[in-house]
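Below, each chain spelled out in residue letters.
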Amino acid sequence: MGTGRRAASLPVSFFRRDPVTVARELLGMTLVTGVGRGRTAGRIVEVEAYLGAEDPASHAFEFRRHAQNAALYGPAGTWYVYLSYGMHWCANLVAGPPGHGAAVLLRALEPIEGLPAMRRRRGTFPDRLLCAGPGRLCQALGITRALDGTRREAGTALVIPPASGGSPEIAVSRRIGLTRAADWPLRFTIRGSPWVSRRVVER
DNA sequence: GCGCCGATTGGCT
DNA sequence: GCCAATCGGCGCC
């Protein structure tokens, strides 16, 4: 919230670890956009890990590479933003070893700051759905392809660790909406959060 | 060149 | 629960 606390930048070493660890540790952190004008922020409550070359659901499966996913092969901590179904932006943070194409997809936020701006961008929907889904959260926070390929330090979108407190309790479930590798348990949510995109079904 | 498919969403049956 | 919207990549003719 408007505490003015310092936005300590996460080190590259945070993102260079395996994508599952990065995904779990991103839960509870705050994503901020529009710093300086029209600031919006939300607490990360749902993420998914995509493992890269060996993951059939990853855009980097078998090192597949094209103009739109070049950012996936950038340094850990790079933003990878892609257009889903021709209409919705989805935001990832590159994780793991360089060149492997692993990433963490941001799937849902608890809206924290700038709700009027979020509502304006999203239109007339219940607040419950402002950031409940990868496409919705990008729309609410104004994230587009412009963020793609930039580093987390760039300042257009910041990920900020909580000022204090322990790590949240995490629920693990299968990834959403996939046709390949659909049952891999790589979706991570903050247990009990009402802001997730879909109901959490643990195995 | 053409048709199909997808890490989604919202509206309608 | 079903399906169209919309577009880039890919497989195939």
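See the structure shown above.
The residue numbering used here restarts from 1 in each chain and proceeds along that chain's sequence as written. All chains are assigned letters beginning at A, and all ligands numbers beginning at 1, according to the order in which they are written. Local features in a predicted model are, by the rule used here, given only for residues with pLDDT of at least 70; side-chain atom pairs are given and counted only at 80 or more, and totals for whole chains, interfaces and linings are based on all residues. Excluding hydrogens and water, the side-chain figures rest on all heavy atoms present in the structure.

### Observations regarding the overall build of chain A
Under the scheme used here, helices are H or I runs from DSSP no shorter than 4 residues and strands are E runs no shorter than 2 residues, and both carry numbers assigned from the N terminus. Within chain A one finds four helices and eight strands. Secondary structure elements of chain A occur, N-terminal to C-terminal, as α-α-β-β-β-β-β-α-α-β-β-β. For this measure, only C-alpha atoms enter the radius of gyration; the expected value for a globule follows 2.2 Å times N^0.38, where N is the number of residues. Taken over the C-alpha trace, chain A has a radius of gyration of 16 Å; the compact-globule value for 203 residues is 17 Å, and the two agree within 12%. C-alpha extents for chain A along the principal axes are approximately 45 × 35 × 35 Å. Using a 1.4 Å probe on the protein chains alone, a residue whose accessible area is under 20% of its type maximum counts as buried, one over 50% counts as exposed, and one in between counts as partly exposed. Considering chain A as a whole, with its 203 residues, one finds that 47% of them fall into the buried category. Partitioning the intrachain contacts of chain A with sequence separation of at least 6 by distance along the chain shows that 61% fall at a separation of at least 24. Contact definition: two residues touch when any of their heavy atoms are within 4.5 Å.

### Points about the state of the cysteines
Whenever a pair of cysteine sulfur atoms sits within 2.5 Å, that pair is classed as a disulfide. By the definition in use, this model includes zero disulfides. Take Cys90: it sits in no disulfide, and the sulfur closest to it among the cysteines is that of Cys138, at 6.1 Å.

### Comments concerning the protein's contact with DNA strand C
Being near a molecule or strand, for a residue, comes down to having at least one heavy atom within 4 Å of it. DNA strand C sits among Arg64, His66, Gln68, Tyr85, Gly86 and Met87. Expressed as a percentage, the sugar and phosphate content of the atoms of DNA strand C within 4 Å of the protein is 62%. Between N or O atoms, a polar contact is any pair within 3.5 Å; within protein, one atom must be a potential hydrogen donor and the other a potential acceptor, and residues adjacent in sequence are included only when both atoms are from side chains. Interatomic distance of 3.4 Å between a side-chain N/O atom of Arg64 and a phosphate oxygen of DNA strand C. All amino acids are sorted into three groups, where Ala, Val, Leu, Ile, Met, Phe, Trp, Tyr, Cys and Pro are nonpolar, Asp, Glu, Lys and Arg are charged, and the leftover types, Gly among them, are polar. When its residues are assigned to classes, the surface near DNA strand C shows two nonpolar, three polar and one charged.

### Remarks on helix H3 (residues 115-122)
For H3, the set of buried residues is Ala117, Met118 and Arg122. For H3, the arc enclosing every buried residue in end-on projection is 125°, short of the 170-degree limit, so these residues lie on one face. What points out from H3, more than 90 degrees from its buried face, is the exposed set Pro116 and Arg120. Looking at the buried residues of H3, the elements they touch are strand E2 (40-50), strand E5 (103-113) and helix H4 (134-141). Phi turns positive one or two residues past the end of H3, at Gly123, with a value near 90°. Taking the helix axis as origin, the arc is that swept by the directions to the C-beta atoms.

### Digging into unusual backbone geometry
Even without being glycine, Tyr85 reaches a positive phi, approximately 50°. Among the secondary structure elements, Tyr85 is positioned in the loop between strand E3 (79-84) and strand E4 (88-94). Since its relative accessible area comes to 72%, Tyr85 is described here as exposed. Here the phi dihedral of Ala181 falls at roughly 55°; this positive angle occurs in a residue that is not glycine. With respect to the helices, strands and loops of the structure, Ala181 is situated in the loop between strand E7 (170-173) and strand E8 (187-190). The class for Ala181 is buried, based on a relative accessible area of 14%.

### Overview of the pattern of salt bridges
By convention in these notes, a salt bridge is any Lys or Arg side-chain nitrogen within 4 Å of a carboxyl oxygen on Asp or Glu. Tallied over the entire structure, the rule returns eleven salt bridges. Two residues, Arg43 and Glu110, come together in a salt bridge whose shortest N-O distance is 3.5 Å. Of the two residues, Arg43 sits in strand E2 while Glu110 sits in strand E5, which places them 67 residues apart along the sequence. Of the charged contacts in the structure, one is a salt bridge between Arg119 and Asp127, with a shortest N-O distance of 2.8 Å. A single network of salt bridges, built from pairs that share partners, joins Glu46, Glu48, Arg107 and Arg187.

### Thoughts on the packing of aromatic side chains
We call Phe, Tyr and Trp rings a pair once their centres come within 6.5 Å, taking the six-membered ring for Trp, and we label the pair stacked below 30 degrees between planes, edge-to-face above 60, and tilted otherwise. Tallied over the entire structure, the rule returns two aromatic pairs. Between the aromatic rings of Tyr80 and Tyr82, the centroid separation amounts to 5.6 Å while the plane-to-plane angle is 25°, which identifies the pairing as stacked. With a relative accessible area of 3%, Tyr80 lands in the buried category. Accessibility expressed as a relative area gives 17% for Tyr82, which makes it buried. In this scheme, the term charge over a ring applies when either NZ of a lysine or CZ of an arginine sits within 6 Å of the ring centre and within 35 degrees of the ring normal. One residue, Arg17, lies across the ring of Phe14, its end atom 4.7 Å from the ring centre. Residue placement shows Arg175 over the ring face of Tyr50; its charged tip is 4.6 Å from the ring centre.

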